[in-house]
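# Fold and contact review
Residues per chain are reported as follows:
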Amino acid sequence: MALNQFSTNVYPNLVDWARMTDPDGTIADIAWLLAQCNDILKDMIWQEGNLPLGHKVTVNTGLPQGVWRGNNQGVPSSKPLNAQFQFSIGMLTDYSKVDKAEATLNGQVGKFRWNQDQSHIEGLSQQVATAMFYANEATNPQQFTGFSRYYNTLSTGTAQTAKNVINGGGVGNANTSLWLVGWGDNTTFAIFPKGSQAGLVYEDKGDVRELYDANGNGYEGYTSYFEWKVGLAIKNWQYNVRIANIDTTTAGLLGTAPPDLNVLMATAANKLPTATRRLSGITETDAPGDPVPGINPAWYCNRTVRTALDIQAIRDKNVLIGSKEYAGEPVLMWRDIPIRLVDALLNTEATIS
């Protein structure tokens, strides 16, 4: 066993124990100063992948074309064009390991371990929320690919998805994005491996197990295991819109002449082929047997954009924004579509062109 596998800061020590203990010796209730709000994790629609570590979809990429026929003129045949795309699934894992002697110091083994495990769960949740937007399997093959990689250009000559990328006008490396995502079984959904289960898997390894210190010497301890197999499948890219290049500095969104978020959101809403009557009024297409209209759209932004949106709504007395109940909670809506907070969305995005 190689000694460089170990680190002195991997397992909680007595200093960590003291920081989690009240003066009376009981385990303290911890204030989660590093906790985030990532509502996208609540909204994701899940599907079981049709591959062990991925999901393959078939999409229509070209329509048959008729000809204007004259008398005594033949007609060539045509056919639709289809393509298949495969989306990957990444596996995010972690262990929580604590010394038995340390965990039993005050007789509250369960609470001590649960405090440790909660930190791991929060950390993994933040990683998945970040990955949903920024993961890139081209640079990290163990990951899947997130939204930003698919909607990363304004040039339709580079990618078709550029039609659904709106320029917020920012430059430099202090930008963020506001997203409109149309979740649905035939549009956009999260995936998990074929034959497995969706979401975070937690496993208490049960009885005391042998752990190892930095020198490879064993001691007794408790172990919890965490595993999250997740991917993102975009079956129909037309149902997602990115408002990119939103300048978050005082020269942009926080300045005296910020971009009008309502104009940008109205533009985004009309990009969707179909939507609710309130959002765009476009409720059907002419595709035969089209299953797409059943979508569950949501806006996603960070606190900077959310604050600016609130300020602009108050300033302009905007009637498009209001609070309604969504999934049993009061949520801010724009044209009856929930505005969901995602702290994982950065204010340091580079300008895309």
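All values derive from a computational prediction rather than experimental measurement.

### Digging into the overall build of the chain
Counting its secondary structure elements, the chain contains seven helices and 14 strands. Split into buried and exposed, the 353 residues of the chain put 41% on the buried side. Excluding contacts between residues fewer than 6 apart, the proportion of contacts in the chain whose partners are at least 24 apart in sequence is 75%. When the accessible surface of the chain is split by element, carbon and sulfur atoms take 50% of a total near 18500 Å².

### Here's the deal with the packing of aromatic side chains
Within this structure, the stated rule accounts for eleven aromatic pairs. Between phenylalanine 87 and tyrosine 150 the ring centres are 6.1 Å apart and the planes differ by 65 degrees, which places this aromatic pair in the edge-to-face class. On the criterion of sequence distance, the pair formed by phenylalanine 87 in strand 3 (residues 81-99) and tyrosine 150 in helix 5 (residues 147-150) is long-range, its members being 63 residues apart. Taken together, the ring pairs in this structure connect Phe133, Tyr134, Phe147, Tyr151, Trp179 and Trp183 into an aromatic cluster. Over the aromatic face of tyrosine 95 sits the side chain of lysine 97, whose NZ or CZ is 5.0 Å from the ring centroid.

### Remarks on the environment of leucine 341
Relative to the assigned elements, leucine 341 resides in strand 14 (residues 337-341). Residues leucine 341 and asparagine 302, spaced 39 residues apart in sequence, show a C-alpha to C-alpha distance of 5.6 Å. When near neighbours in sequence (up to four residues on either side) are disregarded, leucine 341 contacts Cys37, Asn38, Asp39, Cys301, Asn302 and Arg303.

### Looking at the nonpolar core
Soluble globular proteins tend to pack their nonpolar side chains together in the buried interior. Grouped together as the largest cluster of nonpolar side chains are 33 residues, with contacts concentrated most on Ile40, Met132, Phe133, Phe147, Trp179, Trp183 and Tyr300. Where this core is concerned, the elements lending two or more residues are strand 3, helix 4 (109-134), strand 5 (175-183), strand 6 (188-192), strand 9 (218-234) and strand 11 (296-301). With sequence-adjacent residues up to four places away left out, methionine 132 is seen in contact with Ile40, Met44, Phe144, Gly146, Phe147, Trp183 and Leu232.

### Considerations on the pattern of salt bridges
Inspection of the entire model under this criterion finds ten salt bridges. For the salt bridge of arginine 242 with glutamate 349, the shortest nitrogen-to-oxygen distance reads 3.1 Å. Here glutamate 349 lies in the segment after strand 14 and arginine 242 lies in strand 10 (residues 240-247), a separation of 107 residues in the sequence. Taking the relative accessible area as the measure of exposure, glutamate 349 reaches 7% and is therefore buried.

### Considering the confidence of the model for the chain
Low pLDDT means the predicted coordinates in that region are not meant to be read closely. For the chain, the mean per-residue pLDDT works out to 83, and 81% of the residues sit at or above 70. The low-confidence segment residues 1-9, where pLDDT is below 50, has ten contacts with residues more than four positions distant or belonging to other chains. Under a pLDDT of 50 for its full length, residues 11-34 has, in the predicted model, 44 contacts with residues more than four places off or in other chains.

### A few points about the side chain of arginine 242
According to the relative accessible area criterion, arginine 242 is buried, its value standing at 4%. A distance of 2.7 Å separates the side chain of arginine 242 from the backbone oxygen of tyrosine 151, its partner in a polar contact. Contact partners of arginine 242, with chain neighbours within four places excluded, come to Ser148, Tyr151, Asn152, Asn164, Val165, Ile166, Ser177, Leu178, Trp179, Glu349 and Ile352.

### Description of helix 6 (residues 261-269)
Here helix 6 has its buried residues at Leu261, Asn262, Leu264, Met265, Ala268 and Ala269. Axial view of helix 6: buried residues confined to an arc of 160 degrees, hence all on one face.

### Details of unusual backbone geometry
With a phi angle near 60 degrees, asparagine 245 is a residue other than glycine that sits in the positive phi range. Mapped onto the elements of the fold, asparagine 245 is located in strand 10.

### Quick look at the pairing of strand 9
The two faces of the sheet receive side chains in turn, since in a regular strand these alternate between them. With respect to burial, strand 9 is a largely interior element, 13 of its 17 residues being buried. Looking at chain direction, strand 6 and strand 9 are connected through four bridges and run antiparallel. The residue of strand 9 that forms the bridge with alanine 190 is leucine 232. Pairing of strand 7 (residues 200-204) with strand 9, which is carried by five bridges, proceeds in the antiparallel orientation. From the neighbouring strand, valine 201 faces strand 9, where its bridge partner is glutamate 227. Two elements, strand 8 (residues 209-212) and strand 9, share four bridges in a ladder whose sense is antiparallel.

What counts as what
- Residues numbered from 1 in each chain as written.
- Predicted model: local features only at pLDDT ≥ 70, side-chain atom pairs only at ≥ 80, totals over all residues.
- Heavy atoms only, no water.
- Helix = DSSP H or I, 4+ residues; strand = E, 2+ residues; numbered from the N terminus.
- Buried < 20%, exposed > 50% of the residue type's maximum accessible area, 1.4 Å probe, protein only.
- Contact = heavy atoms within 4.5 Å.
- Areas by Shrake-Rupley, 256 points an atom, 1.4 Å probe, with all protein chains shown as cover.
- Phe/Tyr/Trp six-rings, centres within 6.5 Å; stacked < 30°, edge-to-face > 60°.
- Lys NZ or Arg CZ within 6 Å of the ring centre and 35° of its normal.
- Core = buried A, V, L, I, M, F, W, Y, C linked by side-chain atoms within 4.5 Å.
- Salt bridge = Lys/Arg side-chain N within 4 Å of Asp/Glu carboxyl O.
- pLDDT = per-residue confidence, 0-100.
- Polar contact = N/O pair within 3.5 Å; in protein donor to acceptor, adjacent residues only side chain to side chain.
- Arc of directions from axis to C-beta.
- Pairing = 2+ DSSP bridges.

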